[in-house]
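The lines below spell out each chain.
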Amino acid sequence: MAAAMKGDSTVTNPARVMRLAGSVAWPVKEGRLVVEVTDIAPLKERGQSVYAFEHLASLFPPTSTIAPAPAATTRTTSSLGLPTGKITDGREAYMTRTIAACLVEYVGTTGAEPSVQELYDLAWPQYERNVDFSRAGRGPDEFMKKCEYAIARFLRGEIRGLENVDKAIEVYREKAQARSQASVAAPQPKHKASEQKPDDDGPFDVGDFVGEAPKREWLVQAWIPAGAVSSLYGDGGIGKTLCAQQLQYATAIGGFWLGLPVPKVKSLGVCCEDERDEIHRRHDSIKAMMGHKVGNPFKGMAKVWPRVGFDNLLVTFDQLQRPTMSPLFQRVMDVVVKEKIELLILDTAADLFGGNEIIRNQVNYFIKAVCGAYARRAKEEGWTLSVLILAHPSQAGRSSGSGESGSTGWSNAVRSRLYLTKPEQGLPDQRVLIRKKSNYAAAGDDEKIDLLWKEGAIVPLSSVDEKAKDDVAVRSAIQQILQKVDAAFTAQHPYGSHKGYENYLPRAMQEQMKHVKTTVLAQALNRLLTEQLVVAGKTAGKNKGYEVTEHARAKYGLADKLSGGSDN
């Protein structure tokens, strides 16, 4: 019937099946726009109250598009007590349960209430992994609103059983205790003592050390140690995947990565966010940047594995926090061993980690036991493998400048953590790579490399010619001036073009921007006017002065126009 009437043939919830075709859900919820009203009209001829199956079958013959009824299955649950696997029906209820479970988890592990963004960052990956989005709706915008609603109710003490932080912590402890008791009570597989194989060689006597210790190996000196798991953080679209692909190509020939020398090693990149064509476009840009306009010097040394749209989890955890390795984990391991991979790039953690990012032991297991397993297997086979995990920072990590995400376990478990970001008040094409942590480096943390996005690749600022460096300095000065002009115009005290005016633009900038070279500032002011980045305008208070143009906003990445200007 659903297929014949072009309805949703996958729905198995009778309440939804019986809803009148064309009607909207009732009762109407607060904030929902009623776009239609259904009128129930009496039939012209009285119909039957009961229809025989044979009668319905004759009206609605079998259709090939009808989906078979799902077999009865027992759905597994996650460490949050939520069902796993793709959910097609009941997504709104699952959304509410996910947010509530993550709220309890956050408060229980941190002892404080989360912000809306922190709750979203924690709960959305869990929801996204387990929901079928082939049907419209129930996406990130609605999820964010649900988070806002949940936080507002929590702060007002309106959630039953979670009226305050203390009660939420109590609920969390009860859940943790129940998981622990269930884990103890759960039947464990029985193995004969002879079948149990130890996972290490056991302790040894330090007196067995002889000679000098092996020298420490580096993939990137002082930045990425060899034979260990490291991480590279960065916002979406900042260029971390591009940087990772450049690292693959640099190590394929034993060249330089962002100005740092690297050895020649064989690499594999598991790309969960980019398809083949996008990787191809980056390939052309990187090759040109490296000076290889013809040929392909990377062949046989750098492999990429596009995984967009697939289930990319390497490990999942049940409600007792017991881990289960996925088929993809073994497939990657098979490639690592067969090809003798020496650099494994995993992009990104959000796609590959099937646990709760604020539960420290799950994070620790993922990094050390799952990602670290590739390095350990390579060592057993006789070569060194380095693992680099790509990840996104949380809202709190972006705001603080730490670049961290979720539990501090993400930073503690890796041997090195790098953060790719934009410099404060930097140009749209400026980047900076910051070494936030390196266990084995002699220098301290927060070492940085100034970078520039140039023709589809990221290059160290130190590598560009003096003309290009001067251009960056001038454009940076222009951006700073534009921000000052915009703020002054909004505040009803715009900068003027006449020397007698107290807020004369050139004089004011010379006083306020003494950190900028005089020649650079002069070029910036000249381009500001010749390129019409600012024009004469009139504020809402009818004060005349310079106003930033829309062209300048787009070119220099400024925020949308602030209130304070006139429409005339």
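Going by the structure above, here's the rest.
This one's a predicted model, so the numbers in the text were calculated from it and none came from an experiment.

Student: Would you mind showing me how to read the packing of aromatic side chains here?
Tutor: The relative placement of two aromatic rings is captured by the distance of their centres and the angle of their planes. One pass over the structure, following the stated rule, counts 14 aromatic pairs. Their ring planes at 5° and their centres at 5.8 Å tell us that Tyr 120 and Trp 124 sit as a pair that is stacked. With Tyr 120 and Trp 124 both in helix H4 (residues 116-130) and four residues apart, this pair spans about one turn of that helix. Ring plane angle 40° and centroid distance 5.5 Å describe the contact between Trp 124 and Tyr 127, whose orientation is recorded as tilted. Of the two residues, Trp 124 and Tyr 127 are both situated in helix H4; the distance of three residues between them amounts to about one turn of the helix. Grouping residues by exposure puts Trp 124 and Tyr 127 together as buried. Joined through ring pairs, the aromatic side chains of Tyr 94, Tyr 120, Trp 124, Tyr 127 and Phe 143 make up one cluster. One Lys or Arg, Arg 216, reaches over the ring of Tyr 440 and ends 3.8 Å from the middle of that ring.

Student: So what exactly am I meant to see when it comes to the nonpolar core here?
Tutor: One broad trend across soluble globular proteins is that nonpolar side chains are buried collectively. Among the nonpolar cores identified, the biggest contains 37 residues, and Leu 314, Leu 344, Phe 366, Ile 367, Tyr 374, Leu 385 and Val 387 are the most heavily contacted of them. Among the elements that take part in this core, helix H11 (residues 360-381) stands out by supplying eight residues, more than any other. Core analysis: the second largest hydrophobic core is formed by 31 residues, Ile 224, Cys 243, Leu 418 and Ile 458 among them.

Student: How should I be thinking about the packing of helix H9 (residues 327-339) against H11 in this particular structure?
Tutor: A pair of packed helices is captured by two measures, namely the crossing angle of their axes and the spacing between those axes. Interhelical geometry of H9 versus H11 gives an angle of 25° and a closest axis separation of 10 Å. Taken together, the axes of H9 and H11 lie roughly parallel to each other. H9 and H11 meet at a crossing whose hand is right-handed. Every residue of H11 that contacts H9 at Phe 329, Val 332, Met 333, Val 336 and Val 337 is listed here: Val 370, Ala 373, Tyr 374 and Arg 377. By residue class, the composition of the contact of H9 with H11 is eight nonpolar, no polar and one charged.

Student: Please explain the sheet that holds strand S8 (residues 315-317) as it appears in this structure.
Tutor: Note: strands within a sheet are paired through backbone hydrogen bonds, in either parallel or antiparallel orientation. Taken in spatial order, the three strands of this open sheet run S9-S8-S11, and their pairing is mixed. Among the strands making up the open sheet, the edge pair consists of strand S9 (323-325) and strand S11 (353-354). Relative to S9, S8 is paired through three bridges, and the arrangement is antiparallel. Paired with Val 315 across the strands is Met 325, a residue of S9. Each of S8, S9 and S11 is contacted by H11, which is oriented at about 150° to S8, the strand it contacts most.

Student: Mind showing me how you'd approach a negative patch on the surface here?
Tutor: Together, Asp 199, Asp 200, Asp 201 and Glu 380 give the surface a local cluster of negative charge. For Asp 201, the position within the fold is in the loop between helix H6 (165-185) and strand S1 (218-220).

Student: When you look at H4 in this model, what are you seeing that I'm missing?
Tutor: Side chains three or four residues apart in an α-helix point the same way, a direct result of the helix having 3.6 residues per turn. The end-to-end C-alpha separation of H4 is 21 Å, in line with the 21 Å expected for 15 residues at 1.5 Å each. Looking only at H4, the buried set comprises Leu 119, Tyr 120, Asp 121, Leu 122, Ala 123, Trp 124, Gln 126, Tyr 127, Arg 129 and Asn 130. Its buried side turned inward, H4 meets helix H3 (91-110), helix H5 (140-155), helix H10 (349-352), S11 and helix H12 (395-400).

Student: Just to check I follow, could you spell out the pairing of strand S13 (residues 416-421) for this structure?
Tutor: Successive side chains on a regular strand alternate, one facing one side of the sheet and the next facing the other. Counting buried positions over the six residues of S13 gives six, a clear majority of the element. Residues Ser 416, Leu 418 and Leu 420 line one face of S13 and the alternating positions Arg 417, Tyr 419 and Thr 421 line the opposite face, and both faces are buried. For strand S3 (residues 229-234) and S13, the ladder comprises five bridges, and the chain directions are parallel. Bridging from a neighbouring strand, Gly 234 pairs with Leu 420 of S13. Relative to strand S14 (residues 430-438), S13 runs antiparallel, the two sharing six bridges. Directly across from Leu 420, in S14, lies its bridge partner Leu 433.

Student: How should the packing of H3 against H5 be read in this particular structure?
Tutor: Put simply, H3 and H5 touch, their axes get as near as 10 Å, and they point 50° apart. Compared by their axis directions, H3 and H5 come out oblique. Crossing of H3 against H5: the hand is right-handed. Where H3 abuts H5, its residues Glu 92, Met 95, Thr 96, Ile 99, Leu 103 and Val 107 lie against Glu 142, Phe 143, Lys 146, Cys 147, Ala 150, Ile 151 and Phe 154. Each residue belonging to the contact of H3 with H5 can be placed in one class, and the counts come to nine nonpolar, one polar and three charged.

Student: Honestly, the pattern of salt bridges in this entry has me stumped. Any pointers?
Tutor: Scanning the entire structure with this criterion turns up 18 salt bridges. Between Glu 278 and Arg 281 there is a salt bridge, with its nearest N and O atoms 3.0 Å apart. Taken as a pair, Glu 278 and Arg 281 lie in helix H8 (residues 276-289) at a separation of three residues, close to a single helical turn. On the basis of relative accessibility, which here comes to 25%, the residue Glu 278 falls in the partly exposed class. Here Arg 281 falls in the partly exposed class, since its relative accessible area comes to 47%.

Student: Explain the state of the cysteines to me, please; I cannot follow it from the model alone.
Tutor: In protein chemistry, a disulfide is the covalent bond that joins the sulfur atoms of two cysteines. Applying the stated criterion across every chain, the model contains zero disulfides. With no disulfide of its own, Cys 102 lies 8.5 Å from the sulfur of Cys 147, the closest cysteine sulfur. In this structure Cys 147 comes out as buried when scored by relative accessible area, which is 0%.

Thresholds applied
- All residue numbers refer to positions counted from 1 along the written sequence of the respective chain.
- Per-residue local features are limited, in this predicted model, to residues with pLDDT of at least 70; the limit for side-chain atom pairs, both in listing and counting, is 80 or more; totals at the level of whole chains, interfaces and linings are taken over all residues.
- Note that water and hydrogens are dropped before the side-chain values are worked out from all heavy atoms of the structure.
- Each aromatic pair joins two rings of Phe, Tyr and Trp (for Trp, the six-membered one) with centres within 6.5 Å, and gets the label stacked for planes under 30 degrees apart, edge-to-face for over 60, and tilted for any other angle.
- Runs of H or I in DSSP of at least four residues are treated as helices and runs of E of at least two as strands, each being numbered from the N terminus.
- Each residue's exposure class comes from its accessible area (1.4 Å probe, protein chains only) as a fraction of the maximum for that residue type: buried when under 20%, exposed when over 50%, partly exposed otherwise.
- By definition here, charges over rings are those cases where NZ of Lys or CZ of Arg is within 6 Å of the ring centre and within 35 degrees of the ring normal.
- Residue types Ala, Val, Leu, Ile, Met, Phe, Trp, Tyr and Cys, when buried and joined through side-chain atoms within 4.5 Å, form a set referred to as a nonpolar core.
- Axis definition: a line fitted to C-alpha atoms, over the contacting stretch in the case of helices. Angles run 0 to 180 degrees between N-to-C directions.
- Small angles under 35 degrees read as roughly parallel and large ones over 145 as roughly antiparallel, with 65 to 115 read as roughly perpendicular and the rest as oblique.
- Helix crossings are classified by the rotation of the near helix relative to the far one: an anticlockwise turn of less than a right angle makes the crossing left-handed, while a clockwise turn makes it right-handed.
- The contact criterion used throughout is that any non-hydrogen atoms of two residues lie within 4.5 Å.
- Nonpolar residues are Ala, Val, Leu, Ile, Met, Phe, Trp, Tyr, Cys and Pro. Charged residues are Asp, Glu, Lys and Arg, and all others, Gly as well, are polar.
- Paired strands, in this sense, are two strands between which DSSP finds at least two bridges.
- Residues form patches when they are more than 30% accessible in relative terms and have no salt bridge. Like charges link within 9 Å. Nonpolar side chains (Val, Leu, Ile, Met, Phe, Trp, Tyr) link within 5 Å.
- We get accessible surface area from the Shrake-Rupley algorithm with a probe of 1.4 Å; when it comes to residues, only the shown protein chains can shield them.
- The term salt bridge refers to a pairing of a side-chain nitrogen on Lys or Arg with a carboxyl oxygen on Asp or Glu at a separation within 4 Å.
- When charges are tallied, Lys and Arg are placed among the positive residues and Asp and Glu among the negative ones, while His and the ends of the chain are skipped.
- We put the charge of a Lys on NZ, of an Arg on CZ, of an Asp on CG and of a Glu on CD.
- Residue count minus one, scaled by 1.5 Å, sets the expected span of a helix.
- Disulfide assignment relies on a single distance test, namely cysteine sulfur atoms paired within 2.5 Å.

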